Amino acid sequence: MILKDSLFTIEKNRAVINYQTKYESEKKDKENLELIIENNKQKTKNQWVIFIGLVLTAFTSFSIWFMMYKRKQQLIKEQNAQLNEITLVTELQERERIARDLHDSVGQKLSVVKMQLSMKNADTQSASNLLDEAIQDVRNVSHNLMPTDLSKGLITAVENMSEQVNLSSNTLQLHLHITDAVRLLVINKQNSMIIYRMIQELLNNAIRYAQARNIHINMDCEKNLLKLNLTDDGVGFDVNSLEKKDGLGIKNIKDRVQQMSGNIQLESKNGKGTQYQISIPI
């Protein structure tokens with residue numbers, strides 16, 4: 001009987017131990033499962049946070065890009081409108097100059113020729129000379145519209161302009177320096193015309209107003225920029241007072257530089273000569 005009770009007690013203890021072990025194992029498994037579920041929830045939450053953050057970042061980036069794009073398009077539109085206005089003003093000024101040249105020179109000479117030929121005993125030789133002058137004036141106007149030298153390129157046209165200035169004056173010397181880098185540039189016809197007119201205007205100002213004995217023109221190219229430097233040893237002027245009224249053709253020069261998205265710097269003092277520094281994207 002005692003042995004039987006001992007065996008029963010042992011079996012009972014063993015069953016309790018097994019039950020406790022099973023309970024602890026199930027409890028541990030349950031805790032692990034809850035931990036896994038909680039980790040999955042946290043992971044899902046983190047993924048949603050990252051996803052929302054990426055969406056917000058993408059939306060913000062797109063909004064900024066779109067605003068910058070619209071702003072850029074607006075600036076391009078404004079610049080094009082401004083360039084069109086500059087082009088129109090330049091064309092109108094050119095037409096006015098041509099009309100004035102034809103009226104003041106050619107028209108006047110033809111009127112005199114008509115009067116001479118309508119008179120008895122008309123001086124045909126004098127009339128013929130006036131006609132020759134009128135023809136030359138028409139050629140000059142035509143040359144100013146489209147210089148034939150430009151058909152050979154900007155460099156040739158500028159060199160011929162320099163040679164003409166030196167041949168036509170005993171008191172003024174034009175010193176022209178063009179680097180090899182500029183000579184290798186390929187500049188289209190429209191830009192060549194604008195640059196040629198710009199140099200022509202600068203020279204006209206120096207010749208008409210500066211009372212200079214020497215004019216130096218340097219043309220160089222650096223980092224896709226055509227650099228034009230014109231310096232004279234003339235009387236100079238007050239830049240501040242001049243810019244207020246845009247005199248001496250300065251406005252025309254600035255308009256041409258702006259038309260090519262370039263930059264111009266002007267330095268001058270009374271009695272100290274004048275210097276123009278112009279940079280143009282090529």
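Shown above is the structure to which this text applies.
Residues numbered from 1 in each chain as written. Predicted model: local features only at pLDDT ≥ 70, side-chain atom pairs only at ≥ 80, totals over all residues. Heavy atoms only, no water.

Draft legend 1. Quick peek at helix α7 (residues 250-259). Of all the positions in α7, only Ile250, Ile253, Asp255, Arg256, Val257 and Gln259 are classed as buried. Just past α7, the residue serine 261 takes up positive phi, approximately 60°. (Buried < 20%, exposed > 50% of the residue type's maximum accessible area, 1.4 Å probe, protein only. Helix = DSSP H or I, 4+ residues; strand = E, 2+ residues; numbered from the N terminus.)

Draft legend 2. Expanded view of the packing of helix α3 (residues 154-168) against helix α5 (residues 189-210). At a minimum axis distance of 10 Å, the contact between α3 and α5 shows a crossing angle of 15°. It follows that α3 is roughly parallel to α5 by the angle criterion. In terms of crossing hand, the pair formed by α3 and α5 is right-handed. For the pair α3 and α5, the contacting residues are Leu154, Ala157, Val158, Met161 and Val165 in the first and Ser192, Ile195, Tyr196, Ile199, Gln200, Leu203 and Ile207 in the second. Its residues assigned to classes, the contact of α3 with α5 shows 10 nonpolar, two polar and no charged. (Axes fitted to C-alpha atoms, helices over the stretch in contact; angles between N-to-C directions. Parallel < 35°, antiparallel > 145°, perpendicular 65-115°, else oblique. Left-handed = near helix turned anticlockwise from the far one by under 90°. Contact = heavy atoms within 4.5 Å. Nonpolar A, V, L, I, M, F, W, Y, C, P; charged D, E, K, R; others polar.)

Draft legend 3. Just a nonpolar patch on the surface, in detail. A surface patch of nonpolar side chains, amounting to about 520 Å² of accessible area, comprises Trp48, Phe51, Ile52, Val55 and Leu56. Mapped onto the elements, valine 55 comes out in helix α1 (residues 2-118). Overall, valine 55 belongs to the partly exposed group, its relative accessible area being 41%. (Patch = residues over 30% accessible without salt bridge, like charges linked within 9 Å, V, L, I, M, F, W, Y side chains within 5 Å. Areas by Shrake-Rupley, 256 points an atom, 1.4 Å probe, with all protein chains shown as cover. Salt bridge = Lys/Arg side-chain N within 4 Å of Asp/Glu carboxyl O.)

All quantities given are derived from atomic positions and should not be read as evidence of function.
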